[in-house]
Structures are given as structure tokens and as C-alpha cells.
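Each chain, written out:
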Amino acid sequence: MEIEIVDYKGANVVVLSGDIDMYSSPILRKQLMLLIDKKVPLLLIDFKAVSYIDSSGIATFVEGLKGMMSYGGRLKLLGIPEGIMEIFNFSKLDRVFEIYGNIDDAFNN
Amino acid sequence: MEIEIVDYKGANVVVLSGDIDMYSSPILRKQLMLLIDKKVPLLLIDFKAVSYIDSSGIATFVEGLKGMMSYGGRLKLLGIPEGIMEIFNFSKLDRVFEIYGNIDDAFNN
Amino acid sequence: MKDSAVIIIPSHPRYLSVVRAVTVRMGELCGMADAELEDVKLAVDEACSNVIKYAYGGNTDKRIVVRFKITQKGFEVVIEDSGLKADIDSLKGRSLSDVRPGGLGIHLIRRAFDVVDFDDKKKRGNRLRLIRYMKEKNGD
Amino acid sequence: MKDSAVIIIPSHPRYLSVVRAVTVRMGELCGMADAELEDVKLAVDEACSNVIKYAYGGNTDKRIVVRFKITQKGFEVVIEDSGLKADIDSLKGRSLSDVRPGGLGIHLIRRAFDVVDFDDKKKRGNRLRLIRYMKEKNGD
Ligand SMILES: Nc1ncnc2c1ncn2[C@@H]1O[C@H](COP(=O)(O)OP(=O)(O)O)[C@@H](O)[C@H]1O
Ligand SMILES: Nc1ncnc2c1ncn2[C@@H]1O[C@H](COP(=O)(O)OP(=O)(O)O)[C@@H](O)[C@H]1O
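Residues numbered from 1 in each chain as written. Chains lettered and ligands numbered in written order. Predicted model: local features only at pLDDT ≥ 70, side-chain atom pairs only at ≥ 80, totals over all residues. Heavy atoms only, no water.

Caption draft 1: Quick look at the overall build of chain C. Along its length, chain C carries three helices and five strands. For chain C, the succession of helices and strands along the chain, N to C, is β-α-α-β-β-α-β-β. Against the 2.2 N^0.38 benchmark of 14 Å for 140 residues, chain C shows a C-alpha radius of gyration of 15 Å, consistent with a compact globule. Expressed along its principal axes, the backbone C-alpha trace of chain C runs to roughly 45 × 40 × 30 Å. When burial is assessed residue by residue, chain C has 53% of its 140 residues classed as buried. When the accessible area of chain C is evaluated, it comes to approximately 6,700 Å², of which 47% is carbon and sulfur surface. (Helix = DSSP H or I, 4+ residues; strand = E, 2+ residues; numbered from the N terminus. Rg over C-alpha atoms; globule rule 2.2 N^0.38 Å. Buried < 20%, exposed > 50% of the residue type's maximum accessible area, 1.4 Å probe, protein only. Areas by Shrake-Rupley, 256 points an atom, 1.4 Å probe, with all protein chains shown as cover.)

Caption draft 2: Just the interface of chain D and chain C, in detail. Of the residues lining the interface, 23 residues belong to chain D; the matching set on chain C comes to 23 residues. Taken together, the two surfaces of chain D and chain C that pack against each other cover about 2,000 Å², and 67% of this comes from carbon and sulfur. Joining chain D to chain C, the criterion identifies two salt bridges. R14(D) is paired through a salt bridge with D3(C); the nearest N and O atoms lie 3.7 Å apart. Between the two partners, chain D and chain C, sit four residue pairs in polar contact (both at pLDDT 80 or more). At the level of elements, β1 (4-10), α1 (16-29) and β2 (63-70) of chain D are the ones that each hand at least two residues to the side of chain D that touches chain C. Alignment of strand β1 (residues 4-10) of chain C against β1(D), held across three bridges, turns out to be antiparallel. (Contact = heavy atoms within 4.5 Å. Buried area = accessible area lost by both parts, 1.4 Å probe. Salt bridge = Lys/Arg side-chain N within 4 Å of Asp/Glu carboxyl O. Polar contact = N/O pair within 3.5 Å; in protein donor to acceptor, adjacent residues only side chain to side chain. Pairing = 2+ DSSP bridges.)

Caption draft 3: Fine view of the side chain of S55(B). With respect to the helices and strands, the residue S55(B) is situated in helix α2 (residues 55-69). With a relative accessible area of 13%, S55(B) lands in the buried category. Not counting chain neighbours up to four residues away, the residues in contact with S55(B) comprise E46(D), L104(D), G105(D) and L108(D).

Caption draft 4: A look at the relation of the copies chain D and chain C. If you rotate chain D by 180 degrees and push it 0.0 Å along the axis, it lands on chain C with an RMSD of 0.0 Å. The superposition operator between the copies reduces to a two-fold rotation axis. Ranked by how close their C-alpha atoms come to the rotation axis, the residues of chain D are headed by I7(D), at 2.2 Å. (Least-squares fit on C-alpha atoms with pLDDT ≥ 70 in both.)

Caption draft 5: Focus on the arrangement of the chains. By number of contacts, the leading pair among the three pairs of chains in contact is chains C and D. The closest approach of any C-alpha atom in chain A to one in chain B is 19 Å; the two make no contact. The closest approach of any C-alpha atom in chain A to one in chain D is 12 Å; the two make no contact.

Caption draft 6: View of the site of ligand 1. All names here are of chain C. Around ligand 1 sit N50, K53, Y54, A86, S90, L91, K92, G102, G103, L104, G105 and I106, and that is every residue in its neighbourhood. Here an oxygen atom of ligand 1 sits 2.6 Å away from a polar atom, N or O, in the side chain of Y54. When residues of the shell around ligand 1 are assigned to their parent elements, the largest contribution, three residues, is made by helix α2 (residues 34-55). The class makeup of the residues in the shell around ligand 1 is five nonpolar, five polar and two charged. (Near = heavy atom within 4 Å. Nonpolar A, V, L, I, M, F, W, Y, C, P; charged D, E, K, R; others polar.)

Caption draft 7: Representation of the sheet that holds strand β5 (residues 98-100) of chain A in the model. Residues and elements named next belong to chain A. Spatial strand order, β1-β2-β3-β4-β5: five strands in an open sheet with mixed pairing. Of all the strands in the sheet, just β1 (2-8) and β5 have a single pairing partner and so form its edges. Taken over all neighbouring pairs, the strand axes of this sheet differ in orientation by 25 degrees on average, direction set aside. As judged from the three bridges shared by strand β4 (residues 74-78) and β5, these two strands associate in the parallel manner. In the sheet register, K76 faces β5, and the bridge partner there is E98. Docked against the sheet, helix α1 (residues 25-37) engages β1, β2 (11-20) and β3 (42-53), running at close to 175 degrees with respect to β2. (Axes fitted to C-alpha atoms, helices over the stretch in contact; angles between N-to-C directions.)

Caption draft 8: Geometry of the site of ligand 2. All names here are of chain D. Residues in close proximity to ligand 2 total 13 residues, the closest being N50, K53, Y54, G103 and I106. For ligand 2, an oxygen atom lies 2.7 Å from a polar atom in the side chain of K53. G103 has a polar backbone atom sitting 2.8 Å from an oxygen atom of ligand 2. Looking at the shell around ligand 2, the elements with two or more residues in it are α2 (34-55) and α3 (105-112). Considering every element that reaches the shell around ligand 2, the biggest residue donor is α2, with three residues. Taken together, the residues of the shell around ligand 2 sort by class into five nonpolar, six polar and two charged.

Given below as C-alpha cells:
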């Protein structure tokens with residue numbers, strides 16, 4: 001997994017690529033927590049280049065969401081590939097996360 | 001490996017994809033030999049979607065080339081990806097095969 | 001050793017990518033479609049992650065042995081460790097409507113495999129047996 | 001079993017894709033770049049193909065054991081079979097300027113690995129040891 005943090009109109013976008021598994025998700029968790037500790041109001045996660053996610057990756061986002069909700073921040077997921085969306089659906093987390101097709105939709109809604 | 005045989009302006013084009021290894025090259029060999037037994041004058045091999053080739057695959061083409069040369073036929077390779085070209089170069093077979101960038105170049109030369 | 005393969009890795013999460021790669025290749029040899037491959041890959045990864053977390057308590061230099069077998073009936077994966085015995089009763093995931101981190105792995109394993117069973121006969125450690133029955137293919 | 005992995009396959013060419021997949025993943029864990037990965041993948045495949053062809057004479061239901069080890073010095077791959085002993089003297093490829101099918105495998109193995117060595121101590125079968133020394137990386 002690679003993590004890149006870029007700016008989009010003043011919002012933080014976490015651009016992920018590769019496999020998010022039990023090996024890489026602690027690294028992801030650390031990056032998310034750094035941002036959440038700063039109480040960023042909006043965090044966009046770009047999934048376009050994510051090839052794989054396991055339950056530890058899913059758990060990391062659930063934790064991130066809870067962290068952000070605690071101070072009224074918003075976590076938005078975007079560009080989730082079909083195979084990965086399927087896991088969000090299966091785990092019923094599609095109802096819990098804000099999920100968007102692309103960065104503009106995520107930013108404007 | 002997948003093999004598809006298509007027609008291009010009356011010439012046979014063997015379109016290959018995937019891995020050519022000790023498992024798949026006997027299947028490829030059989031297909032080539034069917035065409036060579038018919039003494040086709042021109043055979044184009046499209047490598048664009050080939051992801052891997054080992055020495056058994058290379059040997060299959062050397063054999064095919066020899067078969068075609070025996071009756072004056074021409075075997076032309078095209079669209080060879082960089083990593084695979086590297087193996088033709090290493091084995092000095094780039095000097096032995098007719099190698100072209102794309103199907104038009106292969107057909108017209 | 002017809003139609004089977006074995007991969008042995010250390011109980012470190014960085015080797016999970018190796019197990020996933022083998023799982024996908026073996027699934028391909030078994031004739032699985034892409035969506036099936038994804039499900040089975042995830043399930044085997046989850047089972048191995050659980051071995052690292054629970055059987056080995058996070059210890060990363062133990063061994064995990066994963067056996068794959070392609071049979072007439074389907075695809076079998078057996079995962080062995082020499083760690084703490086799993087408490088079968090604790091082996092249930094959370095209710096999926098209870099949103100919290102964790103508790104998803106078991107569901108993902110059960111989704112991909114028809115049989116999910118710890119072998120009682122194993123004395124030390126665990127032997128988890130997973131079987132996915134393959135649907136008969138048209139024309140086969 | 002720190003930093004090592006073992007894959008065991010039947011001596012059937014259809015399992016070579018499994019060995020290639022493991023080789024690539026292990027090479028990645030070793031920090032190899034794409035071009036290196038390709039070379040090493042091909043070399044390990046060629047060595048296993050030779051086991052099937054020569055040590056096992058084409059017999060497809062024997063076993064091949066491939067061990068991978070990531071060390072400080074580099075990447076080590078040990079390939080074991082229980083087939084016919086290799087005649088070390090016949091173990092040379094053709095001259096590359098002699099164009100004919102075959103005789104390329106050994107060259108491809110030697111290109112990827114600094115050490116290519118049969119272990120004399122093995123009684124039955126063969127144990128081929130391959131080592132690729134890793135260049136020190138800048139800044140590491
Ligand atoms: N290999 C195992 N050995 C012992 N206990 C296990 C094992 N796998 C799972 N468990 C138990 O089953 C529970 C559910 O597992 P799982 O659905 O993977 O969720 P998680 O690991 O995220 O809690 C775990 O919390 C654990 O108590
Ligand atoms: N594992 C092996 N056991 C016995 N002999 C081998 C083995 N590998 C290679 N050889 C010998 O080395 C020769 C060269 O091998 P190689 O370069 O792979 O070419 P090829 O297999 O195409 O002839 C072979 O022809 C064979 O005689």
C-alpha cells in the first residue's frame with residue numbers, strides 16, 4: 001500500500017493505492033490518526049487505486065469515522081472499485097460511510 | 001495463456017495473451033504447427049498482451065521459425081512488450097526473428 | 001502429491017501477500033471466476049490474520065502452514081498453526097448491524113467457504129479446514 | 001522461521017504459475033525493483049521447469065520444494081527434488097550464437113543469480129541453491 005496526502009481546495013485527500021491488509025493498515029491508521037488528532041473538519045479518502053482491502057482495513061476506517069464524528073468532522077470515501085464496494089455492502093458499512101463516485105461529488109455534497 | 005487467430009488483410013495473426021510457460025507453450029506449439037503444416041506464407045504473432053515468456057516459449061518460436069523457413073514462409077513478431085523484448089535481446093534472438101512495432105509495419109515490410 | 005500445494009510462511013503480516021498470491025493461483029487452477037477468486041483470497045487472508053492475532057497472540061516468528069487441494073468436489077484449504085487452541089465458542093463475528101471495528105473476518109470466511117471447521121483431532125495448535133464446493137459448469 | 005517461506009508443488013507445469021507468484025511476492029519483500037523481479041521470477045521458473053524435465057523425466061506427480069530466504073546479503077532460493085541426480089557437466093546451455101530451440105534456461109538462471117550451485121551433500125535427488133546478492137540502497 002502507498003499513501004499520499006494531497007490538498008484539494010483546502011481539504012485533505014488521502015490517496016491510497018495497492019493492498020490494505022493486516023500489514024499495511026497499521027501504517028494507514030497512524031496517518032489517519034495524525035489528521036484526526038488535528039481535528040480536520042473534512043477528510044476525503046480516494047480508493048481508486050486500492051486493489052484489495054481486508055477486515056483490518058475496514059476496521060481502520062470505522063475507527064477513523066468514529067474519531068471524526070466525535071468532533072463533528074466528516075469522513076468521505078470516493079472512487080471505491082466494485083470489488084471493494086462489495087465488501088462495504090456485505091458488511092453493511094455502505095450505510096454508515098458517506099460514499100461518493102468522484103472527488104467533486106465528495107467535495108460538493 | 002489465450003490464443004486467438006484472426007485475419008488481417010488475408011494474413012493469419014496469432015494474438016497471444018497471458019503467460020507463455022512450460023504449461024502453455026505445448027498448446028501454442030500445436031496451434032503454430034497446424035498453420036505451418038498448411039504452409040501459410042505469412043504468420044504474424046501479436047505479443048502485445050503477453051505478460052511472460054520463458055525459454056520453452058522462446059524455443060517454440062525458434063521451432064516455428066525454422067519450420068516456416070523450410071518452405072520460404074515468413075514469421076513476424078509484433079508488439080513485443082519491453083520486458084519480453086529484453087529476453088529476445090539477451091538470447092540474441094532479436095537478430096534471428098523479424099520484429100516489428102505494430103501490425104501495419106509487420107504487414108507492409 | 002497430485003493437485004495440491006503447500007505454502008509455509010512466518011506468522012508475520014508481511015507474508016500475507018504471499019498467501020494471497022498462492023490462493024489466487026490455486027483458485028485459477030481450480031477454474032474459479034474473478035469474483036470467486038476475490039472472495040476466496042480474502043477469506044484465506046482473514047483466516048491467516050486470525051492465526052497471527054489469536055493463535056500466536058501477535059508473535060511474528062511462528063509458522064503457518066497452508067495446504068491447498070483441488071478435488072472433484074471443490075477447493076479445499078487447510079490452515080495449521082502451533083499456537084493457542086481456538087475457543088470455538090468465541091468464534092463468532094459481531095452482528096453485522098452492530099457497527100464497530102472488528103468481528104468481520106469470520107463472516108468473510110464463511111461467505112467464501114461452505115465448510116469452515118476446526119479439526120478436533122489436532123493435539124497442539126489448530127487445523128482449520130475450509131472447503132468451497134464448485135458448481136458444476138455448463139458443458140463440462 | 002524468520003524471513004523465509006516454503007512452497008511445495010507437484011512436478012506439473014501447471015503449478016509453475018504458483019511458484020512464479022510466490023517468487024515475485026518474496027522478491028518484493030526483499031525490496032527488488034520490477035526489472036529484478038522479472039529476472040528472478042523467470043530464473044526460478046526455469047530451474048523448476050528443468051526439475052520437471054530432467055530430474056523427474058516429465059513425471060508430473062512428484063514433489064518440488066522451493067525455499068525462499070531473505071537475508072542481509074540478499075535473496076536465496078533453494079529448489080529440492082527427489083529425482084535423478086543432475087550431471088553437473090551437462091549443465092551448460094548452448095552457445096547463445098547457436099540458434100536452436102533449447103539451451104537457454106541455464107543462461108537465464110545465471111543471469112538472475114550470483115550463486116547457482118548444486119549441493120553435493122544431498123543424497124537422493126537435487127538441491128539447487130540460488131543466491132542473488134542485493135546491492136546496498138542509497139540512504140538505507
Ligand atoms: N484462529 C483463531 N483462534 C482463536 N480465536 C479466533 C480465531 N479466529 C477468530 N477467533 C475469535 O473469533 C472472533 C471473531 O473473529 P473475526 O470475525 O475475525 O473478528 P476480529 O478478529 O476482527 O475480532 C475474534 O474476536 C476471536 O475471539
Ligand atoms: N535439473 C536438472 N537436472 C539434470 N540436468 C539438467 C537440469 N537442468 C538442466 N540440465 C541439463 O542442462 C542442459 C541445459 O539446460 P537449459 O539451459 O535449461 O536448456 P534446455 O532445458 O532447454 O535444454 C539441459 O539440456 C540438461 O541436460
